Amino acid sequence: MTEIRVLHDEAQFRAHTTVFRRAMHMGPPSDDDWKVVLPSYEPERVLAAFDGDEMIGTTQSYGSSLMVPGGAVVPHAAISRVGVRADYTRRGVLTALMREQLSKLPDPVATLRASEGRIYGRFGYGLAGRWRTVEVDAKRAVIAGAMTGRVRMLGQDEADKLLPELHESIGLTRPGQISRWAGWWARARDRKTEAENSVTVVHSGPDGDDGFITYKVTTDKNWKHEMSIKDFVCANEDAWRDLWIYVSRVDLVDQIEVDVALDDPVSWLFEDPRVVHTKDIFDEIWLRLVDVPRMLAARTYGPAEPVVIEVRDTLLPANDGRYRVAPDGVERVEDQPDITIPVDLLGAVYFGDTTFSQLVATKRIEGTRLADADALFAVPCKPFCGTFF
Ligand SMILES: CC(=O)SCCNC(=O)CCNC(=O)[C@H](O)C(C)(C)COP(=O)(O)OP(=O)(O)OC[C@H]1O[C@@H](n2cnc3c(N)ncnc32)[C@H](O)[C@@H]1OP(=O)(O)O
């Protein structure tokens, strides 16, 4: 019999990490590891499944905020450390954890990064945003013109102190982005220490610091140097362009790799757009609309005739209902629906990464008046988070 409990103390948190890591085929945390991981445990947000006294499954969330289309920022739960002990899988342990977690979340929306694509749809998470991994041939990469601002390289201690403040002051600039919590920065600092030669460069414009990158250069046995950009954050286009000028001019580097938004205009920076090659497109944001009326009201809509959308949510039936979505807002109605959609697929269209028409074409949903629905949910830019957790 599986029982779900909220964990409260450090010993339980450490056992939680061990169960999760084992599910991911990693060993338990060392004492040094544990010092870094502990700050990522937030009271009341940590759940575990038990069989008697045995901990057999885990999940937790971090309190954060998320930008939605139109620019509003809403409280958000970042879901992480989901794992079930291999000797207990496929007996409903994750189902019990997810059910309990969703019923208790204080936030109207949750996102996660999925280890596998078939796990989370049944719990109402939809694939809402993807990233594009690009490789830039640095030897041929020429950006015309000079920087408009200036860049400076930081020492590790300085970076550890400045980056959380700078990230917060830059704020969220694109739908899909989330704020970072103290435990996120502790893990990031630890990963940089592991990487040893991780480099942080900050950009300043007329109003002060307004962007940064963190990267690492590795050298293979053929003396080929690859720069991997781990973090690329900027408040404006000048900072973005100047930081690209900087990385494209670092000596010895043959190739630069970075994850960007699907519609990132990076190719247009270079005199020869072919220096940018898309290596991969991969799912990033799995979105769970926990409070559907609140989340539908939080975003803005494009110009189109209103449509009535019927939402089905087996885990959170308070969301079940028909919503009339119009450019001037959303209201619950009893009218006949134009479209009927499960909550995971409403999550998939929420950020505009996919459309109602595409879902109908693939027979995932049924509906009419698709041109209006697509126009209402259309967005000027694709979602991208850029914060891995
Ligand atoms: C946000 C993150 O942390 S991502 C990391 C997720 N964790 C991992 O990948 C670690 C390794 N895997 C595991 O720990 C487990 O297999 C989990 C957590 C993915 C699933 O836990 P389980 O307790 O086995 O899930 P549960 O028994 O509740 O399964 C519910 C349903 O999902 C299906 N399901 C569960 N996992 C998978 C999977 N990996 N692939 C396909 N279907 C799956 C089950 O078959 C079941 O379907 P059914 O209701 O039709 O019978």
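Residues numbered from 1 in each chain as written. Predicted model: local features only at pLDDT ≥ 70, side-chain atom pairs only at ≥ 80, totals over all residues. Heavy atoms only, no water.

### Quick look at the pairing of strand 10 (residues 225-234)
The condition that has to hold: Each residue's exposure class comes from its accessible area (1.4 Å probe, protein chains only) as a fraction of the maximum for that residue type: buried when under 20%, exposed when over 50%, partly exposed otherwise. Per the convention used, a helix needs a DSSP run of H or I reaching at least four residues, while a strand needs a run of E reaching at least two, with both numbered from the N terminus. Following DSSP output, two strands are said to pair if at least two bridges run between them. Handedness of a crossover: with both strands directed away from the viewer, a clockwise path from the first strand across the helix to the second marks it as right-handed.
By the criterion of burial, strand 10 is predominantly enclosed, with 7 of the 10 residues buried. Pairing analysis gives 9 bridges linking strand 9 (residues 208-219) to strand 10, with the strands arranged antiparallel. In the strand pairing of strand 10, K216 is matched with S228. Between strand 9 and strand 10, which pair antiparallel and follow one another directly, the connecting turn spans 5 residues, one of which, W223, has a positive phi of 65°. The pairing of strand 10 with strand 11 (residues 255-261) spans 3 bridges and is parallel. The residue of strand 11 that forms the bridge with M227 is I256. For the handedness criterion, the β-α-β arrangement of strand 10, helix 6 (residues 237-248) and strand 11 is classed as right-handed.

### Looking at the UniProt feature "active site" (unreviewed entry) in the protein chain
We apply this condition: UniProt positions are given in the numbering used here, feature names are shortened, and annotations may be inferred rather than shown by experiment. It only takes one pair of heavy atoms within 4.5 Å for two residues to be counted as in contact.
Sequence positions flagged by UniProt for "active site" (unreviewed entry) are, in local numbering, Y120 and F389. Among the secondary structure elements, Y120 is positioned in the loop between strand 5 (109-112) and strand 6 (125-137). Apart from the residues lying within four places of it in its own chain, the contact partners of Y120 are V82, M98, L112, A114, Y125 and W286.

### Some points on the sheet that holds strand 17 (residues 366-367)
Applied cut-off: Angles shown run from 0 to 180 degrees and are taken between the N-to-C directions of axes, each axis being a line fitted to C-alpha atoms and, for helices, limited to the stretch in contact.
Spatial strand order, 15-14-13-16-17: 5 strands in an open sheet with mixed pairing. The open sheet has two free edges, formed respectively by strand 15 (329-333) and strand 17, since each of these has just one partner strand. Sheet topology note: the strand 16 (residues 339-342)/strand 17 ladder contains 2 bridges and is antiparallel. Within strand 17, the position partnered with T340 by the bridge is E366. Contacts between helix 8 (residues 343-350) and the sheet are confined to strand 13 (307-312) and strand 16, with strand 16 contributing the most and set at about 100° to the helix. Against the sheet, helix 10 (residues 370-377) touches strand 13, strand 14 (321-326), strand 16 and strand 17, its axis set at about 80° to strand 13.

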